[in-house]
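Single-letter residue listing:
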Amino acid sequence: MYDCIIIGSGIAGAAAARVLAEEQGKKVLVLEKKHHIGGNCYDGKDEYGILVHWYGPHIFHTGNEEVYKWLSRFTDWYAFGHEVVARVGDKLLPVPFNLNTLKMVYGEEKAAVLEKKLVDTFGFGARVPILKLREQQDEDLRAIADYVYENVFLRYTMKQWGQTPEEIDPAVTGRVPVVISYDNRYFGDKYQGMPRDGFTPMFEKMLAHPNIEIRTNTNAKDALVISEKEGKVLLEGQEFHGTVIYTGPVDELFDCRFGRLPYRTLRFDFEHYDKPDYQGHSVVNYTVSEDYTRITEFKYLTGQKADSTTIVKEYPFAYTGAEGEIPYYAIMNEENNALYRKYADLAAQIPDFHLLGRLAEYKYYNIDAMAAKAIALARSLA
């Protein structure tokens, strides 16, 4: 009856399902554990009529024109250049730390000297990982690095990851650069914005195809029997001979046989205020104080007009697998990556079984990169 089974309806599963159904004429069954499609991009209006992201803010950005055009089939865009500020003392400083931030911290005269050193060393427009900047011999450059490290990076990183920056994989710390430009936007990509009507309507259109069947509130382990020893998959008791794409936690697929893969999870505390503005910014990072890492004010993400406003505070903590917890960020290091490979090796024993996505591959993906990989995988399965 089905040619393909996809487990999970986030960007990885939804994009793969659309390509398989539309371009290859495959009958696709999508199994989704949550009560909704869209994975962690799921959004909707709260009881006050404010469009919120229920799993924290998601901002689309890409330099990949092919992915942008492909997603544009399912949504129009609200152009949005995401700008983030960090509260340091009584100041709100642009982050990533850039040349505007430099002037706010050091004043015009001193900043001009420091800017020349940064440009001469790295070039205008460069994005320099903070840990690389700390390795410089020049005392002024190291002083900038120390300021950013102590006030913007260190405590925020420890709150977010529960580790010191040196303990974290460079792939993670490399995403937090000092930017040698006057562009306050958090991302430098050509295309930046939000789905005009929200992420959920975009996913609904993506999955609206006669060859796609979606079952929400369905735990894949209740519908499927996956046996790497026998090299087969059973769907509702019958052996399934088609393609399976799995986007969930790979350790939980195999009952955490070798131990649980470490993740960081988040608690979201939503608050509503009967006033038109709370913080004047879409996102404010709390890099020094407070238990939460950031506050998002959704009106500034989506361009909504309303007399009241809704915010969310994010509190990170270690994922335990307890009911209601969601694994968000893989803690990538040599030990954890080795543990992941054990699970990936088990999955590789199952014919035509593919791991796809943040959880299944135990790595970080932006939305555009995940869409690109899902599209490419689906097309390779022709």
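Here, the structure is the one placed above.
Small disclaimer: the values here were computed from a predicted structure and weren't measured.

**Student:** Hey, could you run me through the pairing of strand β2 (residues 28-31) in this one?
**Tutor:** The side chains of a regular strand alternate, residue by residue, between the two faces of the sheet. Every second residue of β2 is oriented toward a common face, with V28 and V30 on one face and L29 and L31 on the other, all of them buried. Of the pairings in the sheet, the one linking strand β1 (residues 4-7) to β2 comprises four bridges and is parallel in character. The residue of β2 that forms the bridge with C4 is V28. Taken together, β1, helix α1 (residues 11-23) and β2 constitute a β-α-β crossover, and its handedness is right-handed. Pairing analysis gives four bridges linking β2 to strand β12 (residues 212-215), with the strands arranged parallel. By the bridge assignment, V28 is partnered in β12 with I212.

**Student:** What should I look at first to understand helix α3 (residues 99-106) in this one?
**Tutor:** Helical geometry: 3.6 residues make up each α-helical turn, so side chains three or four residues apart lie on a common side. When α3 is considered as a whole, its buried residues turn out to be L99, T101 and L102. Each buried residue of α3 lies within a common arc of 150 degrees when the element is viewed along its axis, so the set occupies one face. Check the buried side of α3 and you find it contacts β8 (91-95), α4 (108-122), α6 (139-161) and β10 (177-179). The opening residue of α3, the one whose side-chain oxygen lies 2.9 Å from the backbone nitrogen of N100, is N98.

**Student:** Any chance you could explain unusual backbone geometry here in plain terms?
**Tutor:** Note on backbone geometry: most residues besides glycine have negative phi, and most peptide bonds are trans. Residue P96 follows V95 across a cis peptide bond; omega there is 0 degrees. Relative to the assigned elements, P96 resides in the loop between β8 and α3. Notably, D352 is not glycine yet its phi reads approximately 55 degrees, a positive angle. Mapped onto the fold, D352 is located in the loop between α12 (334-348) and β22 (353-355). By relative accessible area, D352 is classed as partly exposed at 33%. Phi angles above zero are rare outside glycine, and Y362 is one such case at about 50 degrees. Mapped onto the elements, Y362 comes out in the loop between α13 (358-361) and α14 (367-380). When its relative accessible area of 2% is taken as the criterion, Y362 is described as buried.

**Student:** Please explain the environment of L261 as it appears in this structure.
**Tutor:** Take L261: it is sitting in the loop between α10 (250-253) and β17 (263-273). Note: C-alpha distance between L261 and L339 (78 residues apart in sequence) is 7.1 Å.

**Student:** Teacher, can you tell me more about the side chain of T62 here?
**Tutor:** Along the polypeptide, T62 turns up in strand β5 (residues 60-62). Look at T62 and you get buried, because its relative accessible area is 0%. Here the side chain of T62 touches N64 through a polar contact of 2.9 Å, landing on its backbone nitrogen. Discounting chain neighbours no more than four positions away, the residues touching T62 are Y68, D189, K190, Y191 and D368.

**Student:** Looking at this structure, I do not really get the pattern of salt bridges. What am I missing?
**Tutor:** Between side chains of opposite charge, pairing is possible as soon as their charged atoms come close. By the definition in use, this model includes 22 salt bridges. Between R257 and E228 there is a salt bridge, and its shortest N-O distance comes to 2.7 Å. Here the residue R257 occupies a position in the loop between α10 and β17, and E228 occupies one in the loop between β13 (224-227) and β14 (232-235), the gap between them amounting to 29 residues. We classify R257 as partly exposed; its relative accessible area is 42%. Here K232 ties to E230 by a salt bridge, and the two come within 3.2 Å at their closest N and O atoms.

**Student:** Help me out: how do you make sense of the nonpolar core in this one?
**Tutor:** The nonpolar side chains of a soluble globular protein tend to be buried with one another. Residues V28, M206, F353 and L355 are the most contacted members of the largest nonpolar core, which totals 90 residues. In terms of residue count, α1 provides more of this core than any other element does, nine residues in total. Counting 27 residues, the second-largest nonpolar core is a separate cluster that includes V88, F122, V152 and L154.

**Student:** Explain helix α8 (residues 199-207) here, please?
**Tutor:** Along α8, the residues classified as buried are F199, T200, M202, F203, M206 and L207. The buried residues of α8 occupy one face: seen down the axis, they fall within an arc of 160 degrees.

Here is what the cut-offs are and how they apply
Residues numbered from 1 in each chain as written. Predicted model: local features only at pLDDT ≥ 70, side-chain atom pairs only at ≥ 80, totals over all residues. Heavy atoms only, no water. Buried < 20%, exposed > 50% of the residue type's maximum accessible area, 1.4 Å probe, protein only. Helix = DSSP H or I, 4+ residues; strand = E, 2+ residues; numbered from the N terminus. Pairing = 2+ DSSP bridges. Right-handed = clockwise from strand over helix to strand, strands pointing away. Arc of directions from axis to C-beta. Contact = heavy atoms within 4.5 Å. Polar contact = N/O pair within 3.5 Å; in protein donor to acceptor, adjacent residues only side chain to side chain. Salt bridge = Lys/Arg side-chain N within 4 Å of Asp/Glu carboxyl O. Core = buried A, V, L, I, M, F, W, Y, C linked by side-chain atoms within 4.5 Å.

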